[in-house]
Amino acid sequence: MEIPFVDLKAQFAAIRDEVTPAIASVLEDTAFIGGRAVSEFETAFAAYCGLPHCVGVGNGTDALALTLRALGIGPNDEVITAANSFIATSEAITMAGAKVVFVDCDPVTYTLDIDKVAKAITSRTKALLPVHLYGRPADMEPLLDLANRHGLVVVEDAAQAHGAEISGRRVGSFGHAGCFSFYPGKNLGAYGDAGAVVTRDGDLAAKIRMLANHGRISKYDHEFEGVNSRLDGIQAAVLTIKLRHLDDWTEGRRHAAARYNTHLAALNLPVAADFPGGRHVYHLLVTRVPNRERIQTALKDVGINTGVHYPVALPNLSAYRHLGHVPADFPVASGYQDQLLSLPLYPEITEAQIDAVCTALARALGRPAQ
Ligand SMILES: *Cc1c(COP(=O)(O)O)cnc(C)c1O
């Protein structure tokens with residue numbers, strides 16, 4: 001049985017008849033940048049996050065970088081973020097001109113370790129940038145407490161966590177702003193690059209909108225220099241259609257994750273647990289295994305495709321050599337980088353496919369199948 005790691009074809013087949021006319025209508029309107037489809041999506045996505053404002057931008061990396069810039073963060077400022085994330089998170093801090101300060105993750109949740117964040121705060125720290133990694137919300141309450149005590153802003157990297165919740169409240173609504181990516185493989189994915197920022201602060205939203213559009217007030221009146229990072233009409237039309245399905249797709253992911261977790265627990269492997277009052281949206285289903293290369297190859301040999309998120313913790317990448325870290329500075333993230341294994345997961349995955357993955361995994365580990 002060939003089991004892909006993600007299956008975008010199954011999803012497209014299910015919504016082809018909705019999405020094709022929506023794209024055609026943007027073509028008829030010739031509203032390629034901005035326009036009705038973009039404002040419709042911004043309104044819908046803000047409401048989905050329980051916030052008054054959403055600004056569509058070109059991608060998730062820009063969403064983060066423009067938000068930091070709009071919050072006045074730049075040279076000589078430090079921004080604390082997770083040692084275990086995709087490089088876009090820390091890249092955005094550098095793009096804003098600030099200094100990246102990495103902090104290790106909690107060994108169970110894979111999100112920022114609060115005690116280590118507290119120790120990393122200096123007089124130059126201006127912002128905390130938690131990542132809701134794999135779709136699991138970071139522990140926002142103690143982070144917000146810490147931020148309030150030190151007068152820091154909080155920007156959420158929610159690129160992997162559309163619709164994730166803590167006690168009924170959606171991620172993106174805890175900090176000063178929440179930043180999303182709609183890269184095609186994300187839980188809410190466009191058919192190209194796209195991103196957005198959500199916030200309750202109207203002034204911040206207006207500033208981000210200007211920064212993303214050449215610092216423009218009107219066509220040729222520029223208050224300051226910005227960049228070109230706008231959401232386009234075709235992506236917005238696709239996203240509006242897909243947003244209507246997001247909660248169903250999330251239920252599919254959560255259902256699949258629950259079945260995986262039962263198998264993983266029986267194999268004595270780390271599970272990807274949800275937490276009380278939480279809604280983990282399972283962008284990725286991540287466990288840890290010994291001899292990962294060998295396990296991945298054994299699974300691949302029987303048609304099962306897996307991933308690794310991420311094979312090198314950010315501070316250990318050549319890109320951050322200049323920070324002078326050693327792996328032991330981040331014992332959890334560095335210790336996990338050779339063990340992390342992401343199993344196939346998408347809303348349409350069947351129970352039979354999940355069972356086949358776990359049977360093959362048990363065999364590769366030399367354990368009896370469950
Ligand atoms: C995908 C991703 C981003 C960046 O989004 P792009 O749209 O690809 O620029 C940022 N942070 C995390 C954690 C991501 O997974």
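Placed above this text is the structure.
Attention here is on the structure that accompanies the text. Note that the coordinates shown come from a computational prediction; the quantities given were computed from them, not determined experimentally.

**A short note on the sheet that holds strand 8 (residues 177–181)**
Phase 1 of the analysis: Reading across from one edge, 1-9-8-5-4-2-3 is the order of the 7 strands in this open sheet, with mixed pairing throughout. Looking at strand neighbours, the two that pair on one side only are strand 1 (53–57) and strand 3 (99–103), the edges of this open sheet. Strand-to-strand twist across the sheet, computed as the mean angle between neighbouring axes with direction ignored, equals 25°.
Phase 2 of the analysis: When strand 8 meets strand 9 (residues 195–199), the two strands line up antiparallel, connected through 4 bridges. The residue of strand 9 that forms the bridge with Cys179 is Val197.
Phase 3 of the analysis: Contacts from helix 3 (residues 60–70) reach strand 1, strand 4 (125–129), strand 5 (153–157), strand 8 and strand 9 within the one sheet, and its direction differs from that of strand 8 by about 160°.

**Re unusual backbone geometry**
Phase 1 of the analysis: Cis peptide bonds are those with omega within 30 degrees of zero, and the linkage from His309 to Tyr310 qualifies with 10°.
Phase 2 of the analysis: As for its position among the elements, Tyr310 is in the loop between helix 9 (292–301) and helix 10 (331–336).
Phase 3 of the analysis: One non-glycine residue, Tyr134, lies in positive phi territory at about 65°.
Phase 4 of the analysis: Tracing the backbone shows Tyr134 in the loop between strand 4 and helix 6 (140–150).
Phase 5 of the analysis: The residue His214 is not glycine, and still its phi comes out positive at about 60°.
Phase 6 of the analysis: Mapping His214 onto the fold places it in the loop between helix 7 (202–211) and strand 10 (216–218).

**Thoughts on the packing of helix 8 (residues 233–266) against helix 11 (residues 351–364)**
Phase 1 of the analysis: Closest axis-to-axis distance for the helix 8/helix 11 pair is 10 Å, and the angle between their directions is 25°. With respect to their mutual orientation, helix 8 and helix 11 come out roughly parallel. Taken as a pair, helix 8 and helix 11 cross one another with a handedness that is right-handed. Contacts between helix 8 and helix 11 involve His255, Ala256, Arg259, Tyr260, His263 and Leu264 from the first element and Glu351, Ile354, Asp355, Val357, Cys358 and Leu361 from the second.

**With respect to the pattern of salt bridges**
Phase 1 of the analysis: Taken as a whole and judged by the stated rule, the model has 13 salt bridges.
Phase 2 of the analysis: Of the charged contacts, one joins Arg170 and Glu165 as a salt bridge, the two residues approaching to 3.2 Å between their closest N and O atoms. Just as Arg170 is buried, Glu165 falls in that class too.
Phase 3 of the analysis: We note a salt bridge from Arg279 to Glu251, for which the minimum N-O separation is 3.9 Å. Here Arg279 is found in strand 12 (residues 278–279), whereas its partner Glu251 is found in helix 8, with 28 residues between them in sequence.
Phase 4 of the analysis: Residue Arg279 is classed as buried on the basis of its relative accessible area of 10%.
Phase 5 of the analysis: When salt bridges that share partners are traced, they join Glu165, Arg170, Asp247, Glu251, Arg254, Asp274 and Arg279 into one network.

**Examining the packing of helix 9 against helix 11**
Phase 1 of the analysis: In contact at an axis separation of 9 Å, helix 9 and helix 11 are set at 130° when each is read in the N-to-C sense. By the angle class used here, helix 9 and helix 11 are oblique. Here helix 9 runs over helix 11; the crossing is right-handed. Residue-level contacts link Arg294, Ile295, Ala298 and Leu299 of helix 9 to Val357, Ala360, Leu361 and Ala364 of helix 11.
Phase 2 of the analysis: Taken together, the residues of the contact of helix 9 with helix 11 sort by class into 7 nonpolar, no polar and 1 charged.

Cut-off values and rules
- Residue indices begin from 1 for each chain and proceed along its sequence in written order.
- With the structure being a predicted model, the display of local features is reserved for residues of pLDDT at least 70 and the display and counting of side-chain atom pairs for 80 or more, all residues being used for whole-chain, interface and lining totals.
- Water and hydrogen atoms were dropped before computing side-chain values, which therefore reflect all heavy atoms in the structure.
- Here the rule is simple: two strands pair whenever DSSP picks up at least two bridges between them.
- Helix numbers and strand numbers start at the N terminus; a helix is a DSSP run of H or I with at least 4 residues, a strand a run of E with at least 2.
- Axes, fitted as lines to C-alpha atoms, cover a helix only where it is in contact. Angles between the N-to-C directions of the axes lie from 0 to 180 degrees.
- What makes two residues a contact is simply this: any of their non-hydrogen atoms within 4.5 Å.
- Roughly parallel means an angle under 35 degrees; roughly antiparallel means over 145; roughly perpendicular covers 65 to 115; every other angle is labelled oblique.
- In this scheme, a crossing is called left-handed if the near helix is turned counterclockwise away from the far one by less than a right angle; it is called right-handed if the turn is clockwise.
- Throughout this description, the term salt bridge denotes a Lys or Arg side-chain nitrogen within 4 Å of a carboxyl oxygen of Asp or Glu.
- Summary of the burial criterion: residues with accessible area below 20% of their type's maximum are buried, those above 50% are exposed, and those between are partly exposed, where the area comes from a 1.4 Å probe applied to protein chains only.
- Lys, Arg, Asp and Glu make up the charged group, whereas Ala, Val, Leu, Ile, Met, Phe, Trp, Tyr, Cys and Pro make up the nonpolar group; the residues left over, Gly among them, are polar.

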